[in-house]
Amino acid sequence: MVPTDHEYCKSLTETVRHPGALPLNEYEAALSQFFNNWCHRDTASGWVRDKYVRDTGPYTAARVAGQKGAPWDGTYHGTHAPVVIWYSPDMVTWLEKNRPTGKAHPDPQAAIPDGAMMVKEMYPEPAAACAKYDPNYLFPTSGAAIMVRDAQGSKDGWFWGWYGWPGEGWAPDWPAGESNAPPNMGFGQYCVNCHGSAHDLTFAEERNMEGHPGQPEVFLSQDFFAGQYIGTGAVPRTGTKATATAAADDDMGDDIHSLRAHMEARPVPHGQKRAEPLQELLALLRKADRFGAVPDHSFIMPSQTYDNVWMPAKGPSPQSQYLTSDQCTGCHDAGSTGLQFDMTMPDPQSDKLLNLSPYATWRSSPMGLAGRDPIFFAQMASETQTFHHDQADLVQTTCLGCHGILGQRQFQIDHATDNAGDCGVFDRDIVNAVPYPPENPSAGHASYGALARDGISCMACHQMVLGKEATEKYANDPQNACVLKRQELINADNTGFGKTFTGSFLVGPAGKLFGPFDKPQTHPMDYTLGIKPEKGDAISTSEMCGTCHTVHLPVLHDGKTIAHVYEQTTYAEWAFSAYRTGTTIDGPLPGGAGSVPETCQDCHMPSRDEGGTFKSKIASIQEFSNFPAAANTFAPGDIDLEQREGFAKHTLVGLNLFLVKMFQQFPDIMGVPTADPMMNSKKAIDPLELTARAINQQAENDTVSISLGDDRVIANGKLGATVSITSHTGHKFPSGVGFRRAFVNFEVLDASDKVIWASGRVNKAGVLVDQNHKPITGELWWDESCNARIEPDKRLHQPHYEVITSQNQTQIYQELVSTPPLDGSQFACGHNVRPQGELTTSFLSICAEVKDNRLPPPGYLGLAERTEISKALGAGADLAEDAGFTAVGTDPDYVGPTEQGGDSLRYEISLKEIDGTPAKVRARLYYQATPPFYLQDRFCTAKGDDTDRLAYLAQYLNLDGTKAENWALKLVDTGPVDIAKQ
C-alpha cells in the first residue's frame, strides 16, 4: 500500500498543503484522493514514517476476580490507538532542526512552516500485534488522524481531522451526512484538548522517525497471553494476531479517535414515533390546510455538522466575540481524552456511564436546544405573519436576541462595524444559513446561522458582566454598542440591573471568559483560543439568570409601540419569595434574605445533594501527571488540573419534557445527533436521555406536593373534599412563558377504583374535556377550519375556582392575557386595566391581564414590599404589579404575603351527578408546556416551514407510556384515598 502514480500525488500535494485556500468540500475531495492513493507514503518525495507501529500508552492484562478459569484480557491505556506517523518533507526538516535527538533544542523553536503535514495511521492494540510487519503493508484499521499546518486558518494554526479509507465509515463533511455529528475535519477541532498540552501543539520528535537516531518512547505492554498456547486449560481469550484487514466494530478501541470514527451513521431516536398521526390532535384542525399529511420534510433544520465557528488566526477581537460550543467540547465534555473520565459516574440503570460534564448536560437542555426549538420558531412565524407582520424586523431581531443570541449579537457587531453603527436586522433566514454549497446565497451568513442554532450557548453566559462597576468598565466597548441600543429600545425607563432585562446584558472583551472558581488554570484555553478564564462576579448569582428570565417587551399595535409590559417575571418572582438571597452584585436589597435563601443555580445547576457537595475536575485535557509519558509537553503547573468543590451540573431544566421528546424522537428533523460527541453511545447514555431523566426527577420530587384533607365526607347529599397543593419552587408555578399551565385532576372512584366522576380529564391530545368528552369552556380558541376565533370578545376561559362542583369545571393554574381592543375604542395597557381585546398568545400584544392564578411560591411578598425591591433593581412599580395575581378574588392563598406557597381547593359534588357509589377520591396535578389552545393558535396563524415542522412533530410525537402520556406531564398523585365513613 504505497503510491504507484507519483505524478498524480505530486499534482495533489500543493492543494492538500493549504486547507484554508478551499471550501471544505473541495479540500476534502482532494485530500481523499491523496490518501486513497497512499500519497502520504511517498518516500521518494521525502515523506518519512515512524520506525514501527508504536504504542501511545501501556497495555495491561487482568483477569476477572473470583471467576474460575477466567481468561486473560487486555486493556489499552494509550492516548489513541497504536500509531505509525508519516511526516511530510517540511515537517521532517523542522523536527531535525528544532527537536534533534540527543541535542539541545533551540529556544525559541522556529515556527512550523505552513503546509507541513503529519498523518497518524492507527492500528489494533497493542502495537506488539503488528511488530513483525512492515508498516508499508499494513492497512490502518482505525483510519488516520491528520494535522496540516496553516497558521492563517485559526488561532491554534492547524487543520485537524480524522480520515478513514474506503470501508471505514468516513464521508466528506459537506454536504452534511445523516449523522448530524461534528465534522470529521476542519479548523477549531476538539483535538486541541490533548494537543494544546504540547509546544506547537505537537508531541512529535525526531527520534520516532525511521532513519533518524534514537528510539521512540516505550510503554509497558502485558501482551504475553496473545498467541500463547500451553494447554487446553489455558487457551487465551483473544489470541491476538496482527492482520492487515479492518477490525470488527466490537473490537474497536475505546480511545477517542476510534469512538469518533465510529459514530452512528444516523442518530438513534429514543422512543418510536407514531406510525400514524394522533387522531385526537388532528380533530382540532381537520379542515386546515397542510395538516394531516406527512410533508416532504422541507422543514428539516440544518445539520449540527455545520455549526462550527472557531477562533481566527488573529485571536480574540469584537469580530470573533462569539464562538460555537464545539470550541468548548473537547475540554468541557467528559471522556474526550479517552483515558480519564472525570465528570462521570456509573449509571445506576445500565452498564454505561452518566456524562455529567458541563457540555453534555447543557447541550441537551432546553437552553442548549433553544436555537433549534420548534415551538419558538412556530411562535415567531405567528408573530411575523399574523400578529405583527408590519413590524417583522423588530420582532425577529428582538426574539432571536435570546434564542439565537450568539448569532444575533455577532451579526450586529459586524454589521455596525461595516455600516457606521447601524446594527442591522437579524432575520429568520440567517438562522438557516449554511456554508454548503459554497456558492449558495446564504453562505456569507453561515457563521451567524451556526452561532444562532447553537442556542443559549457557552459564551452567552460566560462572557456576561453585570453590576455598576462592570457596566462602567465595558459599556463603551464595541461589542456592546448594539446591546446599548437594545436596552434603550426595550428598557428605556429602567436603570441599573433593570436595563439588562430581556437578555440585554453587557459582555466583557473577547479575550476573557468568566467562571465561578478562584485561580483557574489559564494556559490551556489561552494557548489554544487566546482566551483567558478568570473568576467572575456575576456567574454564580441569580441575576445571571434574571437578565434573560425577566422579559420586558414592547406592546405593538398598528405598527407602533404603544407601551411596554413584562411578559415573564421569573427572576422577580424569585426575588419576592422566601428563596431570595436579598442581595445583588451591587449590594443588598430591601427586606434582606428570605427564610430559605437559594440561588437559581442551586436548583437548576445543582452542585450538591443529600450526600454532600459535588467535587470534580471541570475539564478533560491531556495533563502531565496522570497521562502516559509524552514528549514536548508544557510543565505540570501549566496543564495539570485540580478537582473543584462545587462542581455544578449544567442540567438547566424545568419541566418541558415535551420539547426534549421531540428531539429524542426526531433528531433527523431537528438536525442533531443523539450520541455525545466524546463519549459516544458505547460508553455513556445519550445526553437527551439524561435530560429527560432530570426533568422527570424535577417533576416528581422538586416541584409541588399534593394532599387530600381529612374532610373527605358525604353529607347533605354531597361529596366534599379539599385538595391542597404546596409549591416547592422559587417562583410562581408554572413560570416562564405565559402559555404554560398546570391543572388539577380530581376523580371520584367506586370500590373497584372505577372513575365515576372527574374534573380535569384529558383526551389523548391533552384537551381538557367533560364527562361527554367535549372540550370544556375556553379550551379551544378556533373553529375546526381555522377560519374564525370562538367568541373572541368574551375571552372564554376557566376562571380561578375556590370550589368546584361540576365535571366541566377544572382548576387550571395559568396566565392569560389579551390584546388591545380591536374595535378602535380608547384603551390603556397595564396590569390593572380592564381587558378589552381578545385572548392572545402573542408576546408583543400583551395589553391586559385576564387571569393569573399560578401557584405562588413560599413567602411571597405583598405589593408594597415587591415595589420596594423592584425599584432597587432599577425597575418601576409595574414589575411588582405584573408579578402579582389577577382574577383570584379573595382567595386567601393569593393574598400576600403568603407564608406557604400553593393553593387549597374545595370539591363539593352532588351525589346525583356521580355515576355510581363513591368510595374513594384521588387528586393529581398535571403540567402542559404547550397546551392545545396554544398549538391550535400556531397552526391557525401562520404557514411555512416553521409551522409545518411543529405540526409534523405534534402529529407524530409518541408520548404513550411516558410520564407525559396524553400530552400532560403527571407531577404528583395522592393515589386513591378512602372517603371518611359517616
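Residues numbered from 1 in each chain as written. Predicted model: local features only at pLDDT ≥ 70, side-chain atom pairs only at ≥ 80, totals over all residues. Heavy atoms only, no water.

What follows is about the overall build of the chain. Of regular secondary structure, the chain possesses 29 helices and 38 strands. By principal-axis analysis of the C-alpha atoms, the chain measures approximately 100 × 75 × 55 Å. Counting the 982 residues in the chain, one finds 60% classified as buried. Look at the contacts in the chain between residues 6 or more apart in sequence, and 74% of them connect residues 24 or more apart. Entry remark: accessible area of the chain is about 37900 Å², with carbon and sulfur atoms responsible for 51%. (Helix = DSSP H or I, 4+ residues; strand = E, 2+ residues; numbered from the N terminus. Buried < 20%, exposed > 50% of the residue type's maximum accessible area, 1.4 Å probe, protein only. Contact = heavy atoms within 4.5 Å. Areas by Shrake-Rupley, 256 points an atom, 1.4 Å probe, with all protein chains shown as cover.)

Packed helices, taken two at a time, are described by the angle their axes make and the gap between the axes. Where helix H10 (residues 392-403) meets helix H11 (residues 405-418), the closest approach of the two axes is 5 Å, and the angle between their N-to-C directions is 120°. Judged by the angle between their axes, H10 and H11 are oblique. Two secondary-structure elements touch here, H10 through Thr397, Leu400, Gly401, Cys402 and His403 and H11 through Ile405, Gln408 and Gln412. Across the contact of H10 with H11, the residue classes break down as 3 nonpolar, 5 polar and no charged. (Axes fitted to C-alpha atoms, helices over the stretch in contact; angles between N-to-C directions. Parallel < 35°, antiparallel > 145°, perpendicular 65-115°, else oblique. Nonpolar A, V, L, I, M, F, W, Y, C, P; charged D, E, K, R; others polar.)

Another aspect to go through is unusual backbone geometry. For the peptide bond that leads from Asp107 to Pro108, omega is 5°, which places it in the cis range. By secondary structure assignment, the location of Pro108 is in the loop between helix H3 (89-98) and strand E5 (117-122). Following Trp174, the chain continues to Pro175 via a peptide bond in cis, the omega torsion being -5°. With respect to the helices and strands, Pro175 occurs in the loop between strand E7 (158-163) and strand E8 (185-187). Here the phi dihedral of Lys519 falls at roughly 45°; this positive angle occurs in a residue that is not glycine. Here Lys519 is to be found in the loop between strand E13 (512-515) and helix H17 (523-529). Given the relative accessible area of 76%, Lys519 is considered exposed. The backbone of Glu791 shows a phi angle near 40°, a positive value even though the residue is not glycine. Structurally, Glu791 is set in the loop between strand E29 (768-769) and strand E30 (803-804).

Throughout the structure, instances matching the rule amount to 40 aromatic pairs. Measuring from ring centre to ring centre gives 5.8 Å for Phe34 and Phe35, while their planes differ by 70°; the resulting arrangement is edge-to-face. For the pair Phe34 and Phe35, a shared accessibility class is recorded, and that class is buried. Measuring from ring centre to ring centre gives 6.3 Å for Trp38 and Phe139, while their planes differ by 75°; the resulting arrangement is edge-to-face. Of the two residues, Trp38 sits in the loop between helix H2 (24-36) and strand E1 (48-49) while Phe139 sits in the loop between E5 and strand E6 (144-149), which places them 101 residues apart along the sequence. Judged by its relative accessible area of 10%, Trp38 is buried. Cluster of aromatic residues (ring-pair linked, three or more members): Phe34, Phe35, Trp38, Trp47, Phe139, Tyr163, Trp165 and Trp170. (Phe/Tyr/Trp six-rings, centres within 6.5 Å; stacked < 30°, edge-to-face > 60°.)

Let us now look at the sheet that holds E8. The 6 strands lie next to each other as E1-E4-E5-E6-E7-E8, forming an open sheet whose pairing is antiparallel. Only two strands of the sheet have a single neighbouring strand rather than two, namely E1 and E8. As paired strands, strand E4 (residues 83-87) and E5 are joined by 5 bridges and run antiparallel to one another. Directly across from Val83, in E5, lies its bridge partner Met122. Across the sheet, H3 lies against E1, E4, E5 and E7, angled at about 100° from E4, the strand it touches most. (Pairing = 2+ DSSP bridges.)

Here the focus is the nonpolar core. Ranked by size, the top nonpolar core spans 153 residues in total, and within it Phe746, Leu925, Trp967 and Leu971 carry the most contacts. In terms of nonpolar packing, the next biggest core, distinct from the first, is built from 58 residues, Cys9, Leu12, Cys39 and Val434 among them. (Core = buried A, V, L, I, M, F, W, Y, C linked by side-chain atoms within 4.5 Å.)

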